[in-house]
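# Secondary and tertiary structure notes
Now for the letters of each chain:
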Amino acid sequence: MRTALVVIDRVARGLDRPFSYAWPADGTTVPLGARVRVPLGRREAVGVVVATDAAVADSPPTGLKPIAAVLDREPVLPEDLLALAFFIRERWVCHLSQALRALVPAPVRRLESPPLPGLYAVGEGPARGPRRQALFQRVLTDPGVDAGRARADTGASAAILRELEAAGHLRRGEHVCPPLPSAVLTLTAEQEAAVCAVRAGAAGSEWLLEGVTGSGKTEVYLELIAATLAEGRQAIVLLPEISLTEEMRARYQARFPGRVAIFHSAMAESTRVQEWYRVRRGAAGVVLGPRSAVFAPCPALGLLIVDEEHEPSYKQEEHPRYHAREVARERARLSGARLVLGTATPSLESAYRARTGATGFLRLPERVTVQTLPEPVIVDMRQELADGHREMFSRPLKRAIGDALARHEQVVLFLNRRGYATSVVCRDCGLSLKCPQCAVSLTYHRGRSAVLCHYCFHEEPLPVVCPGCGSTRIRSFGVGTEQVEEEVRRHWPAARTLRADADTLRFRGSHQALFDTFRNGDADILVGTQMVAKGMDWPFVTLVGIVAADITLTLPDFRAAERAFQLITQAAGRAGRGERPGTVVIQTYNPEHYAITAAARQDFSHFYAIETPFREALGYPPFGSLLLVEAAAAGEDDARSLAGRAAAAAEGSEVTVLGPAPAPLERLRGRYRYHVLVKAKDLQPLLQLGERLQAEEPRLSVTVDPQNML
Ligand code: ADP
Ligand code: ZN
Ligand code: ZN
């Protein structure tokens, strides 16, 4: 008797493991990764086949129920992806069916049967007929395109399609990719060395590519991908955002015509299905997309690239709460692919691994285009205030904006507005209030007229005078992008100004429209939140202004300094990417802070040298692991006591329990939220604890390695 292990596609206690079934009595084959309908109790349920003839093969238990129906004839998932589901379940403590769902996008999961393979052009095409030629051209420029789409775009009838297929001009399902154009650039010696090192590395090996902004990291990726395609294998490139995926798409498509598949959730469902199957069938060799693209069903994966590897957006906030970088590492191991993490501002975790020899370490210390990095100007806002200047824009920033506008160059004004939490900053000495135990910034709560630590719930009254310098000008701190935009219009009414934040970029396609407007030079000043800091390549920007560096520096998060370093460095990296040199103006009340001085010089190693001992002393990652337990309830008392019980249950010799404390966003969607943060040197006790808490109490939700503490 042949058997299969099936995971039921339902999140329920008792179903969090595979169940054994017999193959259907009628002899239907059951492919690995296929969806099946199976009897469950008195009803039927849908599940996924995760193994065939597995553990039960030798002594099949009697009375095994047969699978009722096989829903997919082609196997849906390659084997390495199935193994990833089990990894995700263990590593981030979630339900097996949640992990499996992450592997296949919803439109593919909903599909009754897989779409027909796409069309490919052969030879010169038909000699006559504008519709025929239009259809042929459409397919030629987009190999593997869906037949229905190609017809709709060109107005060709079904008869014309049949005719071209019969005449051999068009074929289905063959990978007749156009030849790769040869590289137009000659790599620098550093780039060449990086490419050689990775290519010479063993299967499954991992590399950190640490290169300043504009150092040519993307060119290194392109070269590595070309080599991977030449071996007949595929590559996945992860980017932190959908908007950045769209920015980069043209560059990859130009280098690998007809072979690039785009994976993201903002595309039409039919396109997502097409792209998924193009990759599944090996017709597209390069996948580009945000974190979920790590699950692209490549049949023979050879290379995984995580660009801007430090970005918190690689962490999924809903179950399964995976980190795409960690998933990529496991997938590289399972499939024998090489893994490259690229960034100008590594996460401390990746930097530590590279500097201790756990991974390969490659550096690109110089920019390729303009020889120099932007000139940094750190403005001491305490001095501005002392001199009687109370405006949002300091004198140096106003002067620099005026000069750039006069030279018809573009300006980006950058404000990190994570909103919500407000810190307290002294306007005279720059001091921000910190928790004595956890070293994270204290957060002001107007209702209590107090400041709180969101890790351990340490509470103090809001001080009347600064504990550092005795000044009375110590108060809460925060500005919004709208206020910045108003200020710009007031000073430079003639300048064409755009604003890019969560409000203006809410609609599909609005990213692209706004960034195109700016790139085309149809605007002078762009005011934006952190999304403008990421990877964008705008050659006419010569000035970047960081309006309030302290907002990031005082986030209630142990990564606040790291985030400040990253955001300032990345934002500064947008300046001077073209012919003309750039300037970056950083406004801060903490001009001597190492995160700011190191970011101004784009000197990661300096930042790393100072930050690492702090992390080590307090047991924060990479020197320990964290588990965030969140208790949510309709009533505040319920949430607090629930969290209190969780904290008591968490106590143990291997862990440190902080809290319970109200979450920085105390109420979210009508529910009160309390946090308990558990620290441990090793991950294992935290995973066991997470499993236990989650199984015992459904109102507790656990996050392993939280990236966002709000
Ligand atoms: P990064 O990804 O590190 O920000 P890019 O790969 O985007 O850097 O390179 C920055 C700019 O320099 C791009 O316009 C790119 O085309 C150009 N560039 C990269 N490598 C070279 C090279 N070897 N020779 C000339 N120009 C290069
Ligand atoms: Zn002070
Ligand atoms: Zn604390």
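It should be emphasised that the depicted structure is a prediction, and the values quoted were computed from it without experimental measurement. (Residues numbered from 1 in each chain as written. Chains lettered and ligands numbered in written order. Predicted model: local features only at pLDDT ≥ 70, side-chain atom pairs only at ≥ 80, totals over all residues. Heavy atoms only, no water.)

### Quick look at the overall build of the chain
Each helix and strand in the chain was counted, giving 22 helices and 29 strands. A compact globule built from 710 residues should have a C-alpha radius of gyration of about 27 Å, and the chain, at 28 Å, falls within 12% of that. C-alpha atoms of the chain, sized along the principal axes, occupy 85 × 65 × 45 Å. For the chain, the proportion of its 710 residues judged to be buried stands at 57%. Expressed as a percentage of contacts within the chain between residues at least 6 apart in sequence, the contacts between residues at least 24 apart total 74%. As presented, the chain carries roughly 29100 Å² of accessible surface, and 50% of it is formed by carbon and sulfur atoms. Within the chain, the 81 negative side-chain charges are centred at a point lying 4 Å from the centre of the 86 positive side-chain charges. (Helix = DSSP H or I, 4+ residues; strand = E, 2+ residues; numbered from the N terminus. Rg over C-alpha atoms; globule rule 2.2 N^0.38 Å. Buried < 20%, exposed > 50% of the residue type's maximum accessible area, 1.4 Å probe, protein only. Contact = heavy atoms within 4.5 Å. Areas by Shrake-Rupley, 256 points an atom, 1.4 Å probe, with all protein chains shown as cover. Lys, Arg positive; Asp, Glu negative; His and termini not counted. Charge placed at Lys NZ, Arg CZ, Asp CG, Glu CD.)

### Topic: helix α21 (residues 636-650)
Spacing of three or four residues puts side chains on the same side of an α-helix, whose turn is 3.6 residues. For α21, built from 15 residues, the straight-helix expectation of 21 Å at 1.5 Å per residue is met to within 8% by its first-to-last C-alpha distance of 21 Å. For α21, the set of buried residues is Ala639, Leu642, Ala643, Ala646, Ala647 and Ala650. With its buried residues spanning 140 degrees around the axis, α21 presents them on a single face. Those residues of α21 that are exposed and angled more than 90 degrees off the buried face are Asp637 and Ala648. (Expected span 1.5 Å × (residues − 1). Arc of directions from axis to C-beta.)

### Considering the coordination of the zinc ion (ligand 2)
For a metal with four tetrahedral donors the ideal donor-metal-donor angle is 109.5 degrees, whereas six octahedral donors ideally subtend 90 or 180 degrees. Within the protein, the zinc ion (ligand 2) binds to Cys426 (SG), Cys429 (SG), Cys466 (SG) and Cys469 (SG); these donor distances fall in the range 2.2 to 2.4 Å. Note that the zinc ion (ligand 2) binds four donor atoms; their angles at the metal cover 104 to 112 degrees, and the shape is tetrahedral. In primary-sequence terms, the residues that donate to the zinc ion (ligand 2) follow C-x2-C-x36-C-x2-C. (Donors = N, O, S within 2.8 Å, 3.2 Å for Na, K, Ca; no water. Tetrahedral: all angles 85-135°; square planar, octahedral: opposite > 155°, others 65-115°.)

### Some thoughts on helix α12 (residues 348-355)
Among the residues of α12, Leu348, Glu349, Ser350, Ala351 and Ala354 are the ones counted as buried. In this structure, the buried residues of α12 make contact with β8 (206-211), α11 (324-335), β13 (338-343), β14 (360-364), α18 (560-572) and α20 (604-618). Positioned one or two residues after α12, Gly357 has a phi angle of 85 degrees, which is positive.

### A short note on the domain arrangement of the chain
Segmentation of the chain into domains returns domain 1 (3-109), domain 2 (119-172), domain 3 (189-364), domain 4 (375-418 + 480-615), domain 5 (423-477) and domain 6 (625-704). Its C-alpha centre places domain 1 at a distance of 29 Å from the equivalent point of domain 3. The partner domain 3 presents 23 residues to the 23 residues of domain 1 that form the contact. A combined buried area of about 2000 Å² lies between domain 1 and domain 3, and 70% of that area is made up of carbon and sulfur atoms. (Domains from an automatic or database assignment. Buried area = accessible area lost by both parts, 1.4 Å probe.)

### Brief notes about the coordination of the zinc ion (ligand 3)
Protein-derived ligands of the zinc ion (ligand 3) are Cys435 (SG), Cys438 (SG), Cys453 (SG) and Cys456 (SG), with the metal-ligand distances lying across 2.3 to 2.4 Å. Around the zinc ion (ligand 3), the four donor atoms are arranged such that angles at the metal cover 105 to 113 degrees; this shape is classified as tetrahedral. Mapped onto the sequence, the donors of the zinc ion (ligand 3) take the spacing C-x2-C-x14-C-x2-C. Of this pair, Cys435 sits in the loop between β17 (423-426) and β18 (443-445) while Cys453 sits in the loop between β19 (450-452) and β20 (459-461); the two residues are 18 residues apart in sequence, bridging distant segments of the chain.

### Details of the site of ligand 1
Residues in contact with ligand 1 amount to 17 residues; listed here are only the nearest, Thr186, Gln191, Gly216, Lys217 and Thr218. Burial of ligand 1 by the protein chains amounts to 79% of its free accessible area of 560 Å². Considering every element that reaches the shell around ligand 1, the biggest residue donor is helix α8 (residues 217-230), with three residues. Residues belonging to the shell around ligand 1 are distributed by class as follows: four nonpolar, eight polar and five charged. (Near = heavy atom within 4 Å. Nonpolar A, V, L, I, M, F, W, Y, C, P; charged D, E, K, R; others polar.)

### A closer look at the sheet that holds strand β11 (residues 286-289)
Sheet strands associate in pairs through backbone hydrogen bonding, adopting either a parallel or an antiparallel arrangement. With parallel pairing, the seven strands of this open sheet are ordered in space as β10-β11-β9-β12-β13-β8-β14. The outermost strands of the open sheet, each flanked by one partner alone, are β10 (260-262) and β14. When the angles between neighbouring strand axes are averaged without regard to direction, this sheet yields 20 degrees. Strands β8, β13 and β14 of the sheet are contacted by α12, whose axis makes an angle of about 110 degrees with β8. (Pairing = 2+ DSSP bridges. Axes fitted to C-alpha atoms, helices over the stretch in contact; angles between N-to-C directions.)

### A short note on the nonpolar core
If you look at the biggest cluster of nonpolar residues, it comprises 74 residues, and the most contacted ones within it are Phe295, Val629 and Val678. Not counting the four nearest positions on each side in its chain, Val629 is found in contact with Ala646, Tyr674, His675, Val676, Val678, Leu693, Leu700, Ser701 and Val702. Counting 39 residues, the second largest nonpolar core, distinct from the first, contains Val412, Phe565, Ala575 and Ala600. (Core = buried A, V, L, I, M, F, W, Y, C linked by side-chain atoms within 4.5 Å.)

### Some points on the packing of aromatic side chains
Counting across every chain of the model gives 15 aromatic pairs. Their ring planes at 75 degrees and their centres at 5.2 Å tell us that Phe295 and Tyr322 sit as a pair that is edge-to-face. In this pair, Phe295 sits in the loop between β11 and β12 (301-307) while Tyr322 sits in the loop between β12 and α11, placing the two residues 27 residues apart along the sequence. Judged by its relative accessible area of 1%, Phe295 falls in the buried class. Residue Tyr322 is classed as buried on the basis of its relative accessible area of 1%. When the centroid spacing of 4.8 Å and the interplanar angle of 10 degrees are considered together, the rings of Phe565 and Phe607 count as stacked. Here Phe565 is found in helix α18, whereas its partner Phe607 is found in helix α20, with 42 residues between them in sequence. (Phe/Tyr/Trp six-rings, centres within 6.5 Å; stacked < 30°, edge-to-face > 60°.)

### Some points on the sheet that holds strand β22 (residues 497-500)
The strand order across the open sheet built from six strands is β15-β25-β24-β16-β23-β22, with neighbouring strands paired in parallel fashion. Each edge of the open sheet carries a strand with a single partner, namely β15 (375-380) and β22. With strand direction ignored, the average angle separating the axes of adjacent strands in the sheet is 15 degrees. Note that strand β24 (residues 541-546) and strand β25 (residues 583-588) share four bridges and pair parallel.

### A closer look at the side chain of Asp80
Within the element layout of this structure, Asp80 appears in helix α1 (residues 79-92). There is a polar contact of 3.1 Å between the side chain of Asp80 and the side chain of Arg331. With residues near it in sequence (within four places) discarded, Asp80 still touches Arg331, Leu334 and Ser335. (Polar contact = N/O pair within 3.5 Å; in protein donor to acceptor, adjacent residues only side chain to side chain.)

### Some details on the pattern of salt bridges
Per the stated rule, a full pass over the model turns up 43 salt bridges. A salt bridge links Glu247 to Arg519; the shortest N-O distance between them is 2.9 Å. Of the two residues, Glu247 is situated in helix α9 (residues 242-255) and Arg519 in helix α16 (residues 510-519); the sequence distance between them amounts to 272 residues. The closest approach of N and O atoms between Arg382 and Asp380, which form a salt bridge, is 3.0 Å. The class for Asp380 is partly exposed, based on a relative accessible area of 23%. (Salt bridge = Lys/Arg side-chain N within 4 Å of Asp/Glu carboxyl O.)

### Points about the packing of α8 against α9
Any two packed helices are characterised by the angle at which their axes cross and by the distance between the axes. Relative orientation of the contacting elements α8 and α9 amounts to 40 degrees, with a least axis distance of 11 Å. What the angle tells us is that α8 and α9 run oblique. Here α8 runs over α9; the crossing is right-handed. Residues Thr218, Glu219, Tyr221, Leu222, Glu223, Ile225 and Ala226 of α8 form the contact with α9, whose own contacting residues are Met248, Arg251, Tyr252 and Arg255. For the contact of α8 with α9, the class distribution of residues is six nonpolar, one polar and four charged. (Parallel < 35°, antiparallel > 145°, perpendicular 65-115°, else oblique. Left-handed = near helix turned anticlockwise from the far one by under 90°.)

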